[in-house]
Amino acid sequence: MVPGLCTRRSPVRPENFRAGTSTSTCLIATDRLCPASAAPCDRTTLNSSKPSSHCCKNETSLMTRLAVFTDLDGTLLNSNQRLSDINRQTLTSLGKAGICRIVATGRSLYSAQRVLDDEFPIDYLISSTGASVSTFPQSRLLRTVAMTSDEVQESVATLLELALDFMIQDPVPHNHCFAWHANGQPNPDFERRLALYDAHQRPLVLPLNDPTPATQLLAISSAHAGERLQRTLQTRLPKLTVIRTTSPLDHHSTWLEIFPGNVSKSKTARWLCGELNLDTRQIATIGNDYNDIDLLEWGAYSYVVGNAPEDLRDQFTPVSRHDDNGFTEAINRWLVHSSGSLPR
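Everything quoted here is computed from the prediction, not taken from an experiment.

Participant: Would you mind going over the pairing of strand β13 (residues 301–304) with me for this structure?
Facilitator: For a regular strand, side-chain orientation follows a simple rule: the groups alternate between the two sheet faces. Relative to β13, strand β12 (residues 284–287) is paired through four bridges, and the arrangement is parallel. The partner of Thr-285 across the bridge, within β13, is Ser-302. Traced from β12 through helix α7 (residues 293–298) to β13, the parallel crossover comes out right-handed. Handedness of the β-α-β unit built from β13, helix α8 (residues 310–315) and strand β14 (residues 317–318) comes out right-handed.

Now the structure itself:
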C-alpha cells in the first residue's frame, strides 16, 4: 500500500486573479447568459453519473448541441497565467449564445482552482487530462477514473526498470498529493515539482506491495528522450494511456503521464458530449501541446495557438499566440466555418 495517503481536501473555491489586457474581439452575436446548475450530482471514484445539462439552454434546441473545448495553460491563459479581457469577453459571449464552454487541462482540480476565479466564464472543467469532470464553478464531480492496484503495480515496475523518476498521484480529488521515487541522478524539473508541492508529497516506500488505486503516474525526463520513452512505455503498457507533454515548469523537460486506458482529453470530451447531447460534428477544439493532440484530432474544427510546437502548427490550423488572444481568433474562425449551423 502507498504509505501516508494524503487526506488534505482541495479548496471549494479557487483563488482570485486579475485579468490581463488584449487587443482582438469576438464576432459572435449574443442574447442571454447560460443559467447555472443547481442540481447536485452523485458519483463514485470509478463510476460516472449523468450530469444535468446546466449550460446551453435556449429557445432553439440546436443551440444545446454546440460546444467549445479548449486547453488552459499556453492556450486560453497568457504567459502570466491570466485570462485576457478579450478572451474573457469571448467566453462570456459564447455563454450568452448558449454554447457550452469546456476547459480540458492537464492540471489537477486543485491546481486548476489556483488559476480559475469564481467568475471564470466556463460551464465544465475536464482536469487531469480527462481523469475527472466537474461543473464550474460549483466543482461538483461528475466523473472520476482511477488506475487499479494492478495497473499501478505494473506501471511502477516498468518505470523502475527504465530508471525513470516518477510520482504516483492519489485518487481525485486529492490527486495533488503524491508519492515519489527518484533514481539519484540530477533532474531539476522533478526537484522543482517536489518543492512546489512540498506540503503534499512523500517518498515512496519500496518494495511496493498491494498499492492503492491512483489517478495517474507521472515520469519526468529530458526533452530529447521524451518521444522515444513515450513509445517504449506505450508498448510496455498497452492497456494504459501514455501521454507526453512539455513541462509547464521549465517549458523544456518532458512529462510522461500514465492513465487508465479510458482516459484522455478526447475520450472524456466524447463522454461529456454523449451525456449532454452535444453534436460532435460541430465541436471546436483549441490547444498548444502534445497532450492536446488526441483532442485536436477528435474535434471537427481544431486550432493550435502560435506558441505551439512547429509540428503541431503544421498538423492543425494555426492562430495567433496565446499572448495575442489566439483563442479568440480561433473562435472567430470557427464561427465563420460553422456559420450555417450557429445561432444568429
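There's more to say after this.
Participant: Got a minute to help me understand the sheet that holds β12 in this structure?
Facilitator: Consider a sheet: its strands pair through backbone hydrogen bonds, and that pairing is either parallel or antiparallel. Read from one edge of the open sheet, eight strands run β5-β4-β3-β2-β1-β12-β13-β14, paired in mixed fashion. Every other strand in the sheet has two partners, leaving β5 (141–144) and β14 as the edge strands with one partner each. Note: strand β1 (residues 67–70) against β12, three bridges, orientation parallel. Bridge pairing links Phe-69 to Thr-285 in β12. In this fold helix α6 (residues 265–276) packs onto β1, β2 (100–104), β3 (124–127), β4 (132–135) and β5, with an angle of close to 150° to the strand it touches most, β3.

Participant: Is there a simple way to explain the sheet that holds strand β10 (residues 241–246) in this structure?
Facilitator: Read from one edge of the open sheet, six strands run β8-β7-β6-β9-β11-β10, paired in mixed fashion. Only two strands of the sheet have a single neighbouring strand rather than two, namely β8 (201–203) and β10. Averaged over all pairs of adjacent strands, the angle between strand axes in this sheet comes to 25°, irrespective of strand direction. Summarising the sheet, strand β6 (residues 165–169) and strand β7 (residues 178–181) pair through four bridges and their orientation is antiparallel. Directly across from Ile-168, in β7, lies its bridge partner Ala-179.

Participant: It is not clear to me how the nonpolar core should be interpreted in this structure. Could you clarify?
Facilitator: Where a protein is soluble and globular, its nonpolar side chains tend to be buried together. Counting 31 residues, the largest nonpolar core has Val-68, Phe-120 and Trp-334 as its most contacted members. When contributions to this core are tallied by element, the ones reaching two or more residues are α1 (85–96), α2 (109–113), β12 and α9 (326–337). Looking at which element gives the most residues to this core, the answer is α9, with five residues. Membership of the second largest hydrophobic core comes to 21 residues, among which are Val-156, Phe-166, Leu-217 and Ile-258.

Calculation criteria
Residues numbered from 1 in each chain as written. Predicted model: local features only at pLDDT ≥ 70, side-chain atom pairs only at ≥ 80, totals over all residues. Heavy atoms only, no water. Pairing = 2+ DSSP bridges. Helix = DSSP H or I, 4+ residues; strand = E, 2+ residues; numbered from the N terminus. Right-handed = clockwise from strand over helix to strand, strands pointing away. Contact = heavy atoms within 4.5 Å. Axes fitted to C-alpha atoms, helices over the stretch in contact; angles between N-to-C directions. Core = buried A, V, L, I, M, F, W, Y, C linked by side-chain atoms within 4.5 Å. Buried < 20%, exposed > 50% of the residue type's maximum accessible area, 1.4 Å probe, protein only.

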